[in-house]
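# Residue-level structural notes
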Amino acid sequence: MSAQPRSATDRGWEAVIGLEIHVQLSTRTKMFCGCELSFGDPPNTHVCPVCLGHPGVLPVTNEKAIEYATRVALALNCSIAERTIFHRKNYFYPDLPKAYQISQYDLPIGIGGHLDVELDDGSNMRVGITRVHMEEDAGKLVHAGGASGRIDGADYSLVDFNRGGTPLVEIVTEPDISTPDQARSFLTQLRSLVEQLGVSDVNMEEGSLRCDANVSVRKPGDPLGTKTELKNMNSFRFLHRGLEAEIERQIDSLEFGERIAQATVHFDPATGTVSSLRSKEEAHDYRYFPEPDLPPIELDEAYVGKVRQTLPELPAARKERLAGQYGLAPKDAGSLSSNKRLGDYFEALAAATGDARTSANWVLGDFSAYLNAACIDVTQSAVSVTALAELLGLVADGTLSGKMAKEVFEAMTTSGKDAKTIVAEKGLGQISDAGELEGIIARLVAANPGPAEEFRQGREKVLGFFVGQVMKETKGQANPAMVNELLRKYLA
Ligand SMILES: [Zn+2]
(Lines give C-alpha, C1' and ligand atoms only; values in the text may rest on other atoms or scores of the structure.)
Protein backbone atom coordinates (compact mmCIF):
# COMPACT_ATOMS: atom_id res chain seq x y z
CA MET A 1 0.00 0.00 0.00
CA SER A 2 1.31 3.41 -0.92
CA ALA A 3 0.78 6.33 1.41
CA GLN A 4 -2.03 8.80 0.74
CA PRO A 5 -0.60 11.19 -1.88
CA ARG A 6 -0.07 14.78 -0.74
CA SER A 7 -1.99 17.32 -2.74
CA ALA A 8 -0.20 19.39 -5.39
CA THR A 9 -0.89 22.56 -3.37
CA ASP A 10 0.73 21.06 -0.26
CA ARG A 11 3.86 20.50 -2.32
CA GLY A 12 3.89 24.04 -3.74
CA TRP A 13 2.55 23.05 -7.16
CA GLU A 14 -0.64 23.57 -9.07
CA ALA A 15 -2.35 21.01 -11.29
CA VAL A 16 -4.16 22.02 -14.48
CA ILE A 17 -6.82 19.55 -15.60
CA GLY A 18 -9.11 19.47 -18.61
CA LEU A 19 -11.56 16.64 -19.24
CA GLU A 20 -12.77 14.99 -22.43
CA ILE A 21 -15.94 13.03 -21.98
CA HIS A 22 -17.39 10.63 -24.53
CA VAL A 23 -21.10 9.96 -24.24
CA GLN A 24 -22.75 7.18 -26.23
CA LEU A 25 -26.10 8.41 -27.45
CA SER A 26 -29.06 6.11 -26.93
CA THR A 27 -30.50 6.45 -30.40
CA ARG A 28 -32.15 3.38 -31.91
CA THR A 29 -29.65 3.08 -34.74
CA LYS A 30 -26.01 3.90 -35.43
CA MET A 31 -24.60 7.27 -36.48
CA PHE A 32 -24.29 6.66 -40.22
CA CYS A 33 -26.14 3.39 -40.97
CA GLY A 34 -29.33 1.57 -40.05
CA CYS A 35 -27.79 -1.02 -37.72
CA GLU A 36 -29.48 -1.13 -34.33
CA LEU A 37 -27.42 -0.29 -31.26
CA SER A 38 -26.87 -3.18 -28.92
CA PHE A 39 -25.17 -3.96 -25.70
CA GLY A 40 -24.32 -7.50 -24.74
CA ASP A 41 -25.52 -9.14 -27.98
CA PRO A 42 -23.32 -11.78 -29.64
CA PRO A 43 -20.28 -10.19 -31.35
CA ASN A 44 -20.59 -8.87 -34.91
CA THR A 45 -24.36 -9.31 -35.19
CA HIS A 46 -25.13 -5.60 -35.58
CA VAL A 47 -23.00 -4.78 -38.59
CA CYS A 48 -23.44 -3.83 -42.24
CA PRO A 49 -21.21 -2.78 -45.13
CA VAL A 50 -21.36 0.89 -43.99
CA CYS A 51 -20.17 0.40 -40.41
CA LEU A 52 -17.69 -2.26 -41.55
CA GLY A 53 -16.17 0.25 -43.95
CA HIS A 54 -16.63 -1.67 -47.17
CA PRO A 55 -15.52 0.21 -50.29
CA GLY A 56 -18.12 2.20 -52.18
CA VAL A 57 -20.70 2.52 -49.43
CA LEU A 58 -22.17 5.87 -48.42
CA PRO A 59 -22.93 7.03 -44.86
CA VAL A 60 -26.20 8.80 -43.99
CA THR A 61 -26.36 11.00 -40.88
CA ASN A 62 -28.74 9.93 -38.11
CA GLU A 63 -31.12 12.85 -37.52
CA LYS A 64 -31.93 11.78 -33.96
CA ALA A 65 -28.23 11.86 -33.08
CA ILE A 66 -28.04 15.47 -34.31
CA GLU A 67 -31.01 16.34 -32.12
CA TYR A 68 -29.48 14.63 -29.07
CA ALA A 69 -26.11 16.33 -29.61
CA THR A 70 -27.90 19.69 -29.94
CA ARG A 71 -29.67 19.00 -26.64
CA VAL A 72 -26.36 18.30 -24.91
CA ALA A 73 -24.74 21.42 -26.36
CA LEU A 74 -27.70 23.60 -25.36
CA ALA A 75 -27.81 22.18 -21.83
CA LEU A 76 -24.11 23.08 -21.53
CA ASN A 77 -24.86 26.66 -22.58
CA CYS A 78 -22.96 26.37 -25.86
CA SER A 79 -23.51 28.44 -28.99
CA ILE A 80 -24.90 26.15 -31.67
CA ALA A 81 -23.18 26.26 -35.04
CA GLU A 82 -25.48 27.43 -37.82
CA ARG A 83 -23.48 25.25 -40.19
CA THR A 84 -21.55 22.23 -39.02
CA ILE A 85 -19.64 19.57 -40.95
CA PHE A 86 -17.99 16.22 -40.40
CA HIS A 87 -14.28 15.52 -40.85
CA ARG A 88 -12.33 12.34 -41.35
CA LYS A 89 -9.85 11.66 -38.57
CA ASN A 90 -7.32 9.29 -40.07
CA TYR A 91 -5.57 6.68 -38.02
CA PHE A 92 -5.02 2.97 -38.26
CA TYR A 93 -6.21 0.62 -35.56
CA PRO A 94 -7.83 -2.82 -35.80
CA ASP A 95 -11.10 -1.60 -34.23
CA LEU A 96 -11.55 0.97 -37.01
CA PRO A 97 -12.22 -0.80 -40.35
CA LYS A 98 -12.31 2.38 -42.47
CA ALA A 99 -8.93 3.48 -41.05
CA TYR A 100 -10.59 6.81 -40.30
CA GLN A 101 -13.21 7.89 -37.83
CA ILE A 102 -15.93 10.29 -38.91
CA SER A 103 -15.67 13.09 -36.36
CA GLN A 104 -15.83 16.87 -36.22
CA TYR A 105 -12.85 19.18 -36.31
CA ASP A 106 -13.00 22.94 -36.73
CA LEU A 107 -16.77 23.30 -37.05
CA PRO A 108 -18.21 21.37 -34.09
CA ILE A 109 -21.91 21.51 -33.29
CA GLY A 110 -21.42 23.53 -30.08
CA ILE A 111 -18.74 25.87 -28.71
CA GLY A 112 -18.11 28.22 -25.80
CA GLY A 113 -20.38 26.82 -23.10
CA HIS A 114 -20.07 26.23 -19.38
CA LEU A 115 -21.37 24.12 -16.53
CA ASP A 116 -21.70 25.49 -13.00
CA VAL A 117 -20.62 22.81 -10.57
CA GLU A 118 -21.28 22.54 -6.86
CA LEU A 119 -18.17 21.39 -5.00
CA ASP A 120 -17.97 19.18 -1.93
CA ASP A 121 -17.68 22.20 0.39
CA GLY A 122 -20.89 23.70 -1.00
CA SER A 123 -19.15 26.40 -3.04
CA ASN A 124 -19.68 26.75 -6.79
CA MET A 125 -17.25 26.83 -9.68
CA ARG A 126 -17.81 27.42 -13.38
CA VAL A 127 -16.09 25.02 -15.77
CA GLY A 128 -15.82 26.27 -19.33
CA ILE A 129 -16.93 23.94 -22.14
CA THR A 130 -14.60 24.40 -25.11
CA ARG A 131 -16.64 22.34 -27.53
CA VAL A 132 -19.24 19.67 -28.00
CA HIS A 133 -18.84 17.58 -31.12
CA MET A 134 -20.32 14.49 -32.74
CA GLU A 135 -18.47 11.39 -33.89
CA GLU A 136 -18.82 7.66 -34.28
CA ASP A 137 -17.50 5.07 -31.84
CA ALA A 138 -14.92 2.45 -32.81
CA GLY A 139 -15.38 -1.30 -32.42
CA LYS A 140 -14.31 -3.14 -29.32
CA LEU A 141 -11.14 -5.18 -28.98
CA VAL A 142 -11.10 -8.17 -26.69
CA HIS A 143 -7.61 -9.24 -25.66
CA ALA A 144 -7.69 -12.93 -24.86
CA GLY A 145 -5.37 -15.55 -23.50
CA GLY A 146 -3.67 -13.27 -20.96
CA ALA A 147 -4.51 -12.93 -17.31
CA SER A 148 -5.23 -9.21 -17.25
CA GLY A 149 -7.46 -8.83 -20.30
CA ARG A 150 -5.09 -6.08 -21.44
CA ILE A 151 -3.14 -6.08 -24.65
CA ASP A 152 0.23 -6.75 -23.08
CA GLY A 153 0.41 -10.39 -22.14
CA ALA A 154 -2.52 -11.39 -24.38
CA ASP A 155 -2.12 -14.34 -26.78
CA TYR A 156 -4.47 -12.94 -29.37
CA SER A 157 -7.10 -10.22 -29.85
CA LEU A 158 -10.64 -10.37 -31.19
CA VAL A 159 -12.68 -7.52 -32.54
CA ASP A 160 -16.41 -6.93 -32.12
CA PHE A 161 -17.82 -4.33 -34.51
CA ASN A 162 -21.25 -4.09 -32.84
CA ARG A 163 -20.12 -0.89 -31.11
CA GLY A 164 -18.49 0.51 -34.27
CA GLY A 165 -20.54 3.43 -35.57
CA THR A 166 -22.43 4.10 -32.32
CA PRO A 167 -23.17 7.85 -32.12
CA LEU A 168 -20.98 9.68 -29.64
CA VAL A 169 -20.92 13.18 -28.31
CA GLU A 170 -17.55 14.38 -27.10
CA ILE A 171 -17.53 17.13 -24.51
CA VAL A 172 -14.23 18.96 -24.04
CA THR A 173 -13.73 21.26 -21.06
CA GLU A 174 -11.42 24.21 -20.64
CA PRO A 175 -8.47 23.43 -18.34
CA ASP A 176 -10.35 25.10 -15.48
CA ILE A 177 -10.13 22.20 -13.04
CA SER A 178 -7.26 22.06 -10.57
CA THR A 179 -7.92 19.17 -8.18
CA PRO A 180 -9.10 15.55 -8.40
CA ASP A 181 -12.03 16.50 -6.13
CA GLN A 182 -13.19 19.19 -8.55
CA ALA A 183 -12.86 16.76 -11.47
CA ARG A 184 -15.01 14.22 -9.68
CA SER A 185 -17.67 16.81 -8.79
CA PHE A 186 -17.74 18.02 -12.40
CA LEU A 187 -18.08 14.55 -13.86
CA THR A 188 -20.76 13.53 -11.35
CA GLN A 189 -22.86 16.57 -12.19
CA LEU A 190 -22.25 16.33 -15.92
CA ARG A 191 -23.36 12.71 -15.83
CA SER A 192 -26.52 13.61 -13.96
CA LEU A 193 -27.22 16.42 -16.45
CA VAL A 194 -26.80 14.15 -19.49
CA GLU A 195 -28.93 11.46 -17.86
CA GLN A 196 -31.73 13.95 -17.31
CA LEU A 197 -31.57 15.00 -20.95
CA GLY A 198 -32.64 11.47 -21.82
CA VAL A 199 -30.00 11.08 -24.53
CA SER A 200 -27.80 8.39 -22.98
CA ASP A 201 -27.91 5.80 -20.24
CA VAL A 202 -24.53 7.20 -18.98
CA ASN A 203 -23.43 3.86 -17.60
CA MET A 204 -19.71 4.19 -16.88
CA GLU A 205 -19.13 0.49 -16.31
CA GLU A 206 -20.64 -0.42 -19.66
CA GLY A 207 -18.69 2.39 -21.33
CA SER A 208 -21.57 4.63 -22.36
CA LEU A 209 -19.84 7.44 -20.47
CA ARG A 210 -16.05 7.52 -20.67
CA CYS A 211 -13.68 10.13 -19.37
CA ASP A 212 -10.14 11.07 -20.40
CA ALA A 213 -8.18 13.71 -18.52
CA ASN A 214 -5.45 16.05 -19.73
CA VAL A 215 -3.16 16.80 -16.83
CA SER A 216 -0.16 19.05 -16.32
CA VAL A 217 1.46 20.67 -13.30
CA ARG A 218 3.24 23.97 -12.81
CA LYS A 219 4.45 26.32 -10.11
CA PRO A 220 1.69 28.88 -9.47
CA GLY A 221 2.07 31.75 -11.95
CA ASP A 222 4.28 29.80 -14.37
CA PRO A 223 3.23 29.03 -17.96
CA LEU A 224 1.41 25.74 -18.58
CA GLY A 225 3.50 22.60 -18.24
CA THR A 226 3.58 19.67 -20.66
CA LYS A 227 0.39 17.64 -20.41
CA THR A 228 -0.26 13.95 -20.44
CA GLU A 229 -3.54 12.26 -21.24
CA LEU A 230 -5.06 9.77 -18.79
CA LYS A 231 -7.28 7.47 -20.82
CA ASN A 232 -10.58 5.76 -20.11
CA MET A 233 -11.36 6.40 -16.49
CA ASN A 234 -14.43 4.21 -16.15
CA SER A 235 -15.56 5.20 -12.68
CA PHE A 236 -15.60 8.34 -10.55
CA ARG A 237 -13.22 6.63 -8.15
CA PHE A 238 -10.69 5.69 -10.85
CA LEU A 239 -10.80 9.22 -12.22
CA HIS A 240 -10.02 10.59 -8.77
CA ARG A 241 -7.29 8.08 -7.98
CA GLY A 242 -5.81 8.25 -11.49
CA LEU A 243 -5.53 12.04 -11.31
CA GLU A 244 -3.96 11.89 -7.85
CA ALA A 245 -1.39 9.35 -9.03
CA GLU A 246 -0.57 11.20 -12.26
CA ILE A 247 -0.23 14.60 -10.55
CA GLU A 248 2.07 13.02 -7.97
CA ARG A 249 4.13 11.30 -10.67
CA GLN A 250 4.58 14.53 -12.62
CA ILE A 251 5.61 16.52 -9.54
CA ASP A 252 8.04 13.76 -8.50
CA SER A 253 9.61 13.78 -11.98
CA LEU A 254 9.95 17.56 -12.14
CA GLU A 255 11.37 17.78 -8.63
CA PHE A 256 13.86 15.12 -9.65
CA GLY A 257 14.94 17.35 -12.53
CA GLU A 258 13.27 15.31 -15.28
CA ARG A 259 11.04 16.55 -18.08
CA ILE A 260 7.47 15.46 -18.69
CA ALA A 261 7.01 13.78 -22.06
CA GLN A 262 3.73 14.43 -23.86
CA ALA A 263 2.15 10.98 -23.72
CA THR A 264 -0.94 8.93 -23.20
CA VAL A 265 -0.81 7.28 -19.80
CA HIS A 266 -2.75 4.44 -18.27
CA PHE A 267 -3.80 4.20 -14.63
CA ASP A 268 -3.79 0.71 -13.17
CA PRO A 269 -6.33 0.61 -10.34
CA ALA A 270 -4.82 -2.63 -9.02
CA THR A 271 -1.40 -1.14 -8.34
CA GLY A 272 -2.40 2.53 -8.12
CA THR A 273 0.35 3.45 -10.58
CA VAL A 274 0.43 5.12 -13.98
CA SER A 275 2.39 3.88 -16.95
CA SER A 276 3.02 5.43 -20.34
CA LEU A 277 1.20 3.80 -23.26
CA ARG A 278 2.39 5.70 -26.31
CA SER A 279 3.51 9.15 -27.28
CA LYS A 280 0.55 11.37 -27.90
CA GLU A 281 -0.48 12.30 -31.43
CA GLU A 282 -0.79 15.94 -32.44
CA ALA A 283 -3.82 17.04 -34.43
CA HIS A 284 -1.79 17.11 -37.67
CA ASP A 285 -0.95 13.41 -37.23
CA TYR A 286 -4.61 12.68 -37.94
CA ARG A 287 -4.65 14.47 -41.33
CA TYR A 288 -8.16 15.79 -40.76
CA PHE A 289 -10.08 16.67 -43.91
CA PRO A 290 -13.79 17.33 -44.57
CA GLU A 291 -15.82 14.15 -45.05
CA PRO A 292 -16.71 14.29 -48.75
CA ASP A 293 -19.57 11.78 -48.48
CA LEU A 294 -21.69 13.80 -46.04
CA PRO A 295 -23.40 17.14 -46.71
CA PRO A 296 -22.98 20.01 -44.21
CA ILE A 297 -25.68 20.29 -41.58
CA GLU A 298 -27.56 23.58 -41.30
CA LEU A 299 -29.05 24.20 -37.87
CA ASP A 300 -31.23 27.28 -38.21
CA GLU A 301 -32.74 29.26 -35.36
CA ALA A 302 -36.12 27.61 -35.72
CA TYR A 303 -34.59 24.15 -35.36
CA VAL A 304 -32.48 25.11 -32.35
CA GLY A 305 -35.52 26.78 -30.75
CA LYS A 306 -37.55 23.61 -31.24
CA VAL A 307 -34.86 21.45 -29.63
CA ARG A 308 -34.52 23.94 -26.78
CA GLN A 309 -38.21 23.43 -26.03
CA THR A 310 -37.65 19.70 -25.58
CA LEU A 311 -35.10 20.26 -22.80
CA PRO A 312 -36.38 19.06 -19.43
CA GLU A 313 -35.90 21.09 -16.28
CA LEU A 314 -32.15 20.88 -15.71
CA PRO A 315 -30.60 20.04 -12.32
CA ALA A 316 -29.46 23.60 -11.54
CA ALA A 317 -32.91 25.03 -12.24
CA ARG A 318 -34.63 22.26 -10.34
CA LYS A 319 -32.40 22.79 -7.33
CA GLU A 320 -33.40 26.44 -7.22
CA ARG A 321 -37.07 25.60 -7.64
CA LEU A 322 -37.09 22.88 -4.96
CA ALA A 323 -35.36 25.20 -2.49
CA GLY A 324 -37.88 27.97 -3.17
CA GLN A 325 -41.07 25.97 -3.57
CA TYR A 326 -40.55 23.60 -0.64
CA GLY A 327 -38.27 25.66 1.61
CA LEU A 328 -35.49 23.06 1.48
CA ALA A 329 -31.87 23.69 2.46
CA PRO A 330 -29.69 24.21 -0.67
CA LYS A 331 -27.77 21.01 0.05
CA ASP A 332 -30.96 18.91 0.25
CA ALA A 333 -32.41 20.59 -2.84
CA GLY A 334 -29.12 19.82 -4.63
CA SER A 335 -29.16 16.14 -3.64
CA LEU A 336 -32.76 15.76 -4.77
CA SER A 337 -32.04 17.48 -8.10
CA SER A 338 -28.93 15.51 -8.97
CA ASN A 339 -30.94 12.31 -9.39
CA LYS A 340 -34.04 12.87 -11.50
CA ARG A 341 -35.95 9.84 -10.26
CA LEU A 342 -35.18 10.60 -6.62
CA GLY A 343 -36.37 14.17 -7.18
CA ASP A 344 -39.58 12.91 -8.82
CA TYR A 345 -40.16 10.51 -5.92
CA PHE A 346 -39.70 13.34 -3.44
CA GLU A 347 -42.10 15.66 -5.25
CA ALA A 348 -44.77 12.97 -5.46
CA LEU A 349 -44.31 12.16 -1.76
CA ALA A 350 -44.46 15.83 -0.74
CA ALA A 351 -47.70 16.19 -2.71
CA ALA A 352 -49.18 13.07 -1.10
CA THR A 353 -48.24 14.00 2.48
CA GLY A 354 -48.46 17.79 2.28
CA ASP A 355 -45.29 17.91 4.39
CA ALA A 356 -42.26 18.68 2.21
CA ARG A 357 -39.70 18.92 4.98
CA THR A 358 -40.52 15.51 6.46
CA SER A 359 -40.76 14.00 2.98
CA ALA A 360 -37.29 15.33 2.08
CA ASN A 361 -35.83 13.98 5.34
CA TRP A 362 -37.24 10.54 4.62
CA VAL A 363 -36.25 10.45 0.95
CA LEU A 364 -32.69 11.60 1.66
CA GLY A 365 -32.42 9.60 4.88
CA ASP A 366 -33.95 6.15 5.34
CA PHE A 367 -35.19 5.80 1.75
CA SER A 368 -31.81 6.64 0.14
CA ALA A 369 -29.97 4.49 2.68
CA TYR A 370 -32.23 1.58 1.73
CA LEU A 371 -31.61 2.08 -2.02
CA ASN A 372 -27.84 2.33 -1.48
CA ALA A 373 -27.69 -0.73 0.74
CA ALA A 374 -29.72 -2.76 -1.74
CA CYS A 375 -27.81 -1.29 -4.72
CA ILE A 376 -31.06 -0.50 -6.50
CA ASP A 377 -32.58 2.45 -8.29
CA VAL A 378 -35.69 4.37 -7.20
CA THR A 379 -37.75 2.53 -9.83
CA GLN A 380 -36.85 -0.81 -8.22
CA SER A 381 -37.91 0.25 -4.73
CA ALA A 382 -40.22 -2.10 -2.84
CA VAL A 383 -41.79 0.95 -1.20
CA SER A 384 -43.98 3.05 -3.47
CA VAL A 385 -44.73 6.73 -2.93
CA THR A 386 -48.25 5.82 -1.78
CA ALA A 387 -46.92 3.26 0.71
CA LEU A 388 -44.38 5.67 2.20
CA ALA A 389 -47.01 8.42 2.35
CA GLU A 390 -49.26 6.10 4.34
CA LEU A 391 -46.42 5.39 6.78
CA LEU A 392 -45.72 9.10 7.24
CA GLY A 393 -49.46 9.58 7.81
CA LEU A 394 -49.27 7.17 10.73
CA VAL A 395 -46.49 9.28 12.25
CA ALA A 396 -48.41 12.50 11.65
CA ASP A 397 -51.57 11.23 13.39
CA GLY A 398 -49.59 9.93 16.35
CA THR A 399 -50.12 6.21 15.70
CA LEU A 400 -46.36 5.68 15.35
CA SER A 401 -43.36 7.36 16.91
CA GLY A 402 -40.44 8.31 14.65
CA LYS A 403 -38.50 5.36 15.95
CA MET A 404 -41.33 2.90 15.30
CA ALA A 405 -41.74 4.33 11.81
CA LYS A 406 -38.13 3.44 10.99
CA GLU A 407 -38.78 -0.12 12.14
CA VAL A 408 -41.95 -0.36 10.06
CA PHE A 409 -40.15 1.10 7.04
CA GLU A 410 -37.47 -1.53 7.25
CA ALA A 411 -40.12 -4.25 7.38
CA MET A 412 -41.81 -2.67 4.35
CA THR A 413 -38.61 -2.85 2.30
CA THR A 414 -38.11 -6.54 2.98
CA SER A 415 -41.72 -7.77 3.01
CA GLY A 416 -43.35 -5.45 0.49
CA LYS A 417 -46.33 -5.21 2.87
CA ASP A 418 -47.99 -1.90 3.63
CA ALA A 419 -47.45 0.04 6.84
CA LYS A 420 -50.85 -0.64 8.41
CA THR A 421 -50.49 -4.39 7.94
CA ILE A 422 -47.06 -4.38 9.57
CA VAL A 423 -48.24 -2.23 12.47
CA ALA A 424 -51.09 -4.66 13.08
CA GLU A 425 -48.90 -7.76 12.74
CA LYS A 426 -46.21 -6.45 15.06
CA GLY A 427 -48.71 -4.95 17.48
CA LEU A 428 -46.73 -1.74 17.11
CA GLY A 429 -48.93 1.31 17.12
CA GLN A 430 -48.55 4.08 19.69
CA ILE A 431 -51.06 4.30 22.49
CA SER A 432 -52.75 7.62 21.82
CA ASP A 433 -56.01 6.71 23.54
CA ALA A 434 -56.40 9.36 26.26
CA GLY A 435 -58.72 7.17 28.36
CA GLU A 436 -56.27 4.28 28.40
CA LEU A 437 -53.33 6.55 29.23
CA GLU A 438 -55.25 8.36 31.98
CA GLY A 439 -56.03 5.01 33.63
CA ILE A 440 -52.33 4.10 33.67
CA ILE A 441 -51.37 7.54 34.98
CA ALA A 442 -53.95 7.37 37.79
CA ARG A 443 -52.59 4.01 38.88
CA LEU A 444 -48.96 5.16 38.80
CA VAL A 445 -49.61 8.38 40.70
CA ALA A 446 -51.54 6.48 43.38
CA ALA A 447 -48.65 4.04 43.71
CA ASN A 448 -46.08 6.87 43.99
CA PRO A 449 -47.57 9.49 46.31
CA GLY A 450 -44.11 10.84 47.31
CA PRO A 451 -42.95 11.93 43.82
CA ALA A 452 -46.44 13.24 43.03
CA GLU A 453 -46.29 15.55 46.06
CA GLU A 454 -42.76 16.70 45.08
CA PHE A 455 -44.04 17.70 41.63
CA ARG A 456 -46.88 19.72 43.12
CA GLN A 457 -44.30 21.58 45.22
CA GLY A 458 -42.51 22.63 42.04
CA ARG A 459 -39.95 19.92 41.27
CA GLU A 460 -40.43 19.80 37.49
CA LYS A 461 -37.86 17.02 37.12
CA VAL A 462 -40.22 14.53 38.72
CA LEU A 463 -42.37 14.66 35.59
CA GLY A 464 -39.60 12.75 33.79
CA PHE A 465 -39.86 10.00 36.39
CA PHE A 466 -43.57 9.55 35.70
CA VAL A 467 -43.10 9.67 31.93
CA GLY A 468 -40.50 6.92 32.32
CA GLN A 469 -42.92 4.84 34.37
CA VAL A 470 -45.70 5.20 31.81
CA MET A 471 -43.29 4.18 29.03
CA LYS A 472 -42.18 1.16 31.04
CA GLU A 473 -45.78 0.17 31.65
CA THR A 474 -46.68 0.49 27.96
CA LYS A 475 -43.44 -1.06 26.64
CA GLY A 476 -42.51 2.24 25.02
CA GLN A 477 -45.69 2.49 22.99
CA ALA A 478 -47.32 5.46 24.71
CA ASN A 479 -47.45 8.67 22.70
CA PRO A 480 -44.85 10.73 24.62
CA ALA A 481 -46.30 14.14 23.83
CA MET A 482 -49.70 13.00 25.04
CA VAL A 483 -48.28 11.40 28.19
CA ASN A 484 -46.60 14.69 29.08
CA GLU A 485 -49.76 16.67 28.59
CA LEU A 486 -51.99 14.23 30.49
CA LEU A 487 -49.53 13.91 33.38
CA ARG A 488 -49.37 17.67 33.86
CA LYS A 489 -53.14 17.90 33.85
CA TYR A 490 -53.53 14.99 36.26
CA LEU A 491 -50.83 16.06 38.74
CA ALA A 492 -52.14 19.64 38.86
ZN1 LIG B 1 -24.08 -0.72 -39.92
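Residues numbered from 1 in each chain as written. Predicted model: local features only at pLDDT ≥ 70, side-chain atom pairs only at ≥ 80, totals over all residues. Heavy atoms only, no water.

## Considering the overall build of the chain
We count it as follows: Numbered from the N terminus, helices here are DSSP runs of H or I no shorter than four residues, and strands are runs of E no shorter than two. Taken over C-alpha atoms, the radius of gyration is set against a globule rule of 2.2 Å times the number of residues to the power 0.38. When a residue's accessible area, from a 1.4 Å probe over protein chains only, is under 20% of the maximum for its type it is buried; when over 50% it is exposed; and in between it is partly exposed. Here the open area of atoms and residues is found with the Shrake-Rupley method and a 1.4 Å probe, where only the protein chains shown may cover a residue. Only four residue types enter the charge count: Lys and Arg as positive, Asp and Glu as negative, with His and the chain ends excluded. The location of each charge is read from NZ of Lys, CZ of Arg, CG of Asp or CD of Glu.
For the chain, the helix and strand inventory stands at 15 helices and 16 strands. Here the C-alpha atoms of the chain give a radius of gyration of 30 Å, more than 25% beyond the 23 Å that 2.2 N^0.38 yields for 492 residues. The principal-axis extent of the C-alpha atoms belonging to the chain is close to 100 × 55 × 50 Å. By residue count, 46% of the 492 residues in the chain fall in the buried class. Accessible surface computed for the chain: about 24,400 Å², of which carbon and sulfur atoms make up 52%. Each charge sign in the chain was given a centre, from 51 positive and 68 negative side chains, and these centres are 3 Å apart.

## Here's the deal with a nonpolar patch on the surface
The line we're drawing: Residues enter a patch when their relative accessible area is above 30% and they make no salt bridge; the linking distance is 9 Å between like charges and 5 Å between nonpolar side chains (Val, Leu, Ile, Met, Phe, Trp, Tyr). One speaks of a salt bridge when a side-chain nitrogen belonging to Lys or Arg is within 4 Å of a carboxyl oxygen belonging to Asp or Glu.
A cluster of nonpolar residues, Val-142, Tyr-156 and Leu-158, forms a patch on the protein surface that exposes about 290 Å² of accessible area. Here Val-142 is to be found in strand S8 (residues 140-144). Residue Val-142 is classed as partly exposed on the basis of its relative accessible area, which comes to 40%.

## A word on the sheet that holds strand S15 (residues 289-290)
Where we set the bar: In short, DSSP must find at least two bridges between two strands for them to pair.
In space, the three strands of this open sheet follow the order S5-S4-S15, with antiparallel pairing throughout. This sheet does not close on itself; its edge strands, each paired only once, are strand S5 (100-103) and S15. Two strands pair when backbone bridges link them, and strand S4 (residues 87-90) and S5 are joined in this way by four bridges, in the antiparallel orientation. Within S5, the residue paired with His-87 across the bridge is Ser-103.

## Quick word on the environment of Lys-64
By the element assignment, Lys-64 lies in helix H1 (residues 63-75). For Lys-64, a relative accessible area of 37% corresponds to the partly exposed category. Along the primary structure Lys-64 and Leu-25 are separated by 39 residues, whereas in three dimensions their C-alpha atoms are 9.4 Å apart.

## Section: the coordination of the zinc ion
Tetrahedral coordination by four donors places them ideally at 109.5 degrees to one another around the metal; octahedral coordination by six donors ideally gives 90 or 180 degrees. What counts here: Note that water is not among the atoms considered, so a metal site may appear incomplete; the donors listed are N, O and S atoms within 2.8 Å of the metal, with 3.2 Å applied to Na, K and Ca. Under this scheme a four-donor centre is tetrahedral when all angles range from 85 to 135 degrees, a four-donor centre is square planar and a six-donor centre octahedral when opposite donors are above 155 degrees with the rest from 65 to 115, and any other centre is irregular.
Here the zinc ion is held by the protein donor atoms Cys-33 (SG), Cys-35 (SG), Cys-48 (SG) and Cys-51 (SG), which lie 2.3 to 2.4 Å from it. In this structure, the zinc ion is surrounded by four donor atoms whose angles at the metal cover 101 to 114°, and the resulting shape is tetrahedral. For the zinc ion, the donor residues sit on a single chain with the sequence spacing C-x1-C-x12-C-x2-C. Residue Cys-35 is located in the loop between strand S1 (14-24) and H1, and its partner Cys-51 is located in the loop between S1 and H1; the two are separated by 16 residues in the primary sequence. Relative accessible area serves as the criterion here: at 10%, Cys-35 is assigned to the buried category.

## Let's talk about the side chain of Asn-448
To keep it simple, the criterion reads: In this analysis, two residues are considered to be in contact whenever any of their non-hydrogen atoms come within 4.5 Å of each other.
Looking at the element boundaries, Asn-448 is found in the loop between helix H12 (434-447) and helix H13 (449-456). Given a relative accessible area of 19%, Asn-448 falls into the buried group. Among all residues touching Asn-448, those that are not within four sequence positions of it are Phe-465 and Phe-466.

## Focus: the packing of aromatic side chains
Convention followed: Side-chain rings of Phe, Tyr and Trp (the six-membered ring for Trp) are treated as a pair once their centres are within 6.5 Å; stacked means planes under 30 degrees apart, edge-to-face means over 60, and tilted covers the remaining angles. Counting as a charge over the ring demands two things of the Lys NZ or Arg CZ atom: a distance within 6 Å of the ring centre and an angle within 35 degrees of the ring normal.
The full count for this structure, using the stated rule, is 10 aromatic pairs. Look at Phe-32 and Phe-86: their rings are 5.3 Å apart centre to centre, the planes differ by 85°, and that puts the pair in the edge-to-face class. On the criterion of sequence distance, the pair formed by Phe-32 in the loop between S1 and H1 and Phe-86 in the loop between strand S3 (83-84) and S4 is long-range, its members being 54 residues apart. Taking the relative accessible area as the measure of exposure, Phe-86 reaches 3% and is therefore buried. Ring centres of Tyr-105 and Tyr-288 lie 4.0 Å apart, and the angle between their planes is 10°; this geometry places the pair in the stacked category. One end of the pair, Tyr-105, is in the loop between S5 and strand S6 (110-118); the other, Tyr-288, is in the loop between strand S14 (273-279) and S15, with 183 residues separating them in the sequence. With relative accessibility at 33%, the residue Tyr-105 sits in the partly exposed group. Counting every residue linked through ring pairs, the aromatic cluster contains Tyr-345, Trp-362, Phe-367, Tyr-370 and Phe-409. Across from the ring centre of Tyr-286, 4.5 Å away, lies the NZ or CZ of Lys-89, which sits over that ring. Its guanidinium or amino end placed over the ring of Trp-362, Lys-406 lies 6.0 Å from that ring's centre, counting from NZ or CZ.

## Points about the pairing of strand S7 (residues 124-136)
Burial runs high along S7: 10 of the 13 residues are buried. Where S6 and S7 come together, eight bridges link them in antiparallel fashion. Within S7, the residue paired with Glu-118 across the bridge is Asn-124. Linking S6 to S7, which pair antiparallel, is a turn of five residues; within it Gly-122 sits at a positive phi near 90°. By the bridge criterion, seven bridges tie S7 to strand S10 (residues 167-173) in an arrangement that is antiparallel. Across the sheet, the residue bridging to Glu-136 is Pro-167, located in S10.

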